[in-house]
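Next come the chains, spelled out residue by residue.
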Amino acid sequence: MNIFLNPHIFSNLVLAITSLFVFFRYFRQQPVLIRWLWGIFFGSISLVAFTDLLFYAGVEGLGMAHEIFEAGEMTLGALCLVTASWCLIMRYESGSFLFYSTVGLGALLFYCITWYRVEYVGLIIKAFCILVTLLISCVGLANRQKSALWTLFSMMLLALSTKSGKLPLPMDPVDINHYMMVLSVICVGRAVRDQYKILF
């Protein structure tokens, strides 16, 4: 069997490549600290997708690495998403304190989850971060910012991706999750592209 015909491998490959492409395409002009926050978010998604790809390709011994990267995506990556979205929509220049406090808190949560092996807490943290980012988007919409609309779409897709098993689509829930995350990542890139545009 050709491993590249496995739909899980293909969807992971699409997600990893899209995440990296969107980051390098749209975030080069962002301030350094904000670019780092976005980089942690996109990098965590790419690492999880890449280790998933290797797992489905038959590479053994990646169970622990996959758990660690997934915990990083649900904690550090999610918190960086909240702070970066705040800076994007509120047009706030991230200072060193905001950057290091975000990374520090994310690293602390990541450590607690991996040390005590309570992965389900990561799902709660990720859901909370998505909700906070949605609220930030609503504030941006009140100010008629186009980037807030794209962020809203992105968070809705990201939230739906976590419920992929309950969506009535003729596709494996794993692949639905990956493709919805791909669309979410693209929407984030569009949000940065339209950062200074007004909705109407």
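See the structure printed just above.
Residues numbered from 1 in each chain as written. Predicted model: local features only at pLDDT ≥ 70, side-chain atom pairs only at ≥ 80, totals over all residues. Heavy atoms only, no water.

### Considerations on helix α6 (residues 146-161)
- With 16 residues, α6 extends 23 Å between its outermost C-alpha atoms, agreeing within 8% with the 22 Å of an ideal straight helix rising 1.5 Å per residue.
- The complete set of buried residues in α6 reads S147, A148, T151, L152, S154, M155, L157, L158 and S161.
- In the core, the buried residues of α6 are packed alongside α3 (63-89), α5 (119-142) and α7 (173-193). (Helix = DSSP H or I, 4+ residues; strand = E, 2+ residues; numbered from the N terminus. Expected span 1.5 Å × (residues − 1). Buried < 20%, exposed > 50% of the residue type's maximum accessible area, 1.4 Å probe, protein only. Contact = heavy atoms within 4.5 Å.)

### As for the packing of α3 against α6
- Two elements in contact, α3 and α6, have axes separated by 10 Å at closest approach and are oriented at 160 degrees. Classified by the angle between their axes, α3 and α6 sit roughly antiparallel to one another. Crossing angle aside, the handedness with which α3 passes α6 is left-handed. Residues L81, S85, L88 and I89 of α3 lie in contact with α6, whose contacting residues are S147, A148, T151, M155 and L158.
- Grouping the constituent residues of the contact of α3 with α6 by class yields 6 nonpolar, 3 polar and no charged. (Axes fitted to C-alpha atoms, helices over the stretch in contact; angles between N-to-C directions. Parallel < 35°, antiparallel > 145°, perpendicular 65-115°, else oblique. Left-handed = near helix turned anticlockwise from the far one by under 90°. Nonpolar A, V, L, I, M, F, W, Y, C, P; charged D, E, K, R; others polar.)

### A closer look at unusual backbone geometry
- Not every positive phi belongs to a glycine, and R91 is a case in point at roughly 55 degrees.
- Mapped onto the elements, R91 comes out in the loop between α3 and α4 (96-116).
- Under the relative-accessibility criterion, R91 is labelled partly exposed at 39%.
- In the Ramachandran plot, R144 falls in the positive-phi region, its phi being about 60 degrees despite a non-glycine side chain.

### Quick word on the packing of aromatic side chains
- For the structure on display, the rule yields 12 aromatic pairs.
- Taking the ring centre of Y26 as reference, the NZ or CZ of R25 above it sits at 5.1 Å.
- R190 extends its terminal NZ or CZ atom over the ring of W150, reaching a point 5.8 Å from the ring centre. (Phe/Tyr/Trp six-rings, centres within 6.5 Å; stacked < 30°, edge-to-face > 60°. Lys NZ or Arg CZ within 6 Å of the ring centre and 35° of its normal.)

### Structural notes on the nonpolar core
- If you look at the biggest cluster of nonpolar residues, it comprises 30 residues, and the most contacted ones within it are F27, W38 and F42.
- When contributions to this core are tallied by element, the ones reaching two or more residues are α1 (7-26), α2 (32-56), α3, α5, α6 and α7.
- Per element, the largest residue contribution to this core is 7 residues, and it comes from α2.
- When near neighbours in sequence (up to four residues on either side) are disregarded, F42 contacts S19, V22, F23, F27, V185 and V188.
- One finds A71, L79, I89 and I113 within the second-largest nonpolar core, a separate group that totals 10 residues. (Core = buried A, V, L, I, M, F, W, Y, C linked by side-chain atoms within 4.5 Å.)

### Section: the pattern of salt bridges
- Evaluated as defined, the whole model comprises 2 salt bridges.
- Between E73 and K126 there is a salt bridge, with the nearest N and O atoms lying 3.5 Å from each other. Residue E73 is found in helix α3, and its partner K126 is found in helix α5; the two are separated by 53 residues along the sequence.
- A salt bridge links R193 to D194; the shortest N-O distance between them is 3.1 Å. (Salt bridge = Lys/Arg side-chain N within 4 Å of Asp/Glu carboxyl O.)

### Re α1
- Between its first and last C-alpha, α1 extends 28 Å over 20 residues, near the 28 Å set by a 1.5 Å rise per residue.
- Of the positions making up α1, those classed as buried are H8, I9, S11, N12, L15, A16, T18, S19, V22, F23 and Y26.
- Buried residues belonging to α1 abut α2 and α7.

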